[in-house]
Amino acid sequence: MLALSALAACGDTLGKQGLIGGGAGLGTAAVLDGNLAAGAVVGAAGNVAYCQSFPDRCK
C-alpha cells in the first residue's frame, strides 16, 4: 500500500522520481521487515519505470 501511494506523487524529474520511489520502497521494506537496501532499489526503479511509461498519470 505504501509503494502504491507514492506513485500518485511521482515527481517531475528523474531524480525526484527515484527518490520518491526509493523512499516508498524503503518504507515498505521496513514495515514488512525486509531488506531495506533492496526495497529502496526496487522502489526507485519501479517508480521511475512507471512515471516514464505513464507520464500523464504522474503529474
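In what follows, the accompanying structure is described.

What counts and how
Residues numbered from 1 in each chain as written. Predicted model: local features only at pLDDT ≥ 70, side-chain atom pairs only at ≥ 80, totals over all residues. Heavy atoms only, no water. Helix = DSSP H or I, 4+ residues; strand = E, 2+ residues; numbered from the N terminus. Buried < 20%, exposed > 50% of the residue type's maximum accessible area, 1.4 Å probe, protein only. Polar contact = N/O pair within 3.5 Å; in protein donor to acceptor, adjacent residues only side chain to side chain. Expected span 1.5 Å × (residues − 1). Arc of directions from axis to C-beta.

Let's shift gears to the side chain of Asn47. Along the polypeptide, Asn47 turns up in helix H3 (residues 36-53). A residue is classified by how much of its surface remains accessible, and Asn47, at 2% relative accessible area, is buried. One polar contact links the side chain of Asn47 to the main-chain carbonyl oxygen of Gln17, over a distance of 2.9 Å.

Our focus in this paragraph is H3. For an α-helix the count is 3.6 residues per turn, leaving residues at separations of three or four pointing the same way. A rise of 1.5 Å per residue sets the reference length of H3, with its 18 residues, at 26 Å; its end C-alpha atoms lie 26 Å apart and thus fit the reference within 8%. All of the buried residues in H3 are Gly39, Gly43, Ala44, Asn47 and Cys51. Projected onto a plane normal to the axis of H3, the buried residues spread over an arc of 125 degrees and lie on a single side. Of the exposed residues in H3, those oriented more than 90 degrees away from the buried face are Ala37, Val41, Val42 and Ser53. Two to three positions downstream of the cap, the backbone nitrogen of Ala37 sits 3.0 Å from a side-chain oxygen, assigning the N-cap of H3 to Asn35.

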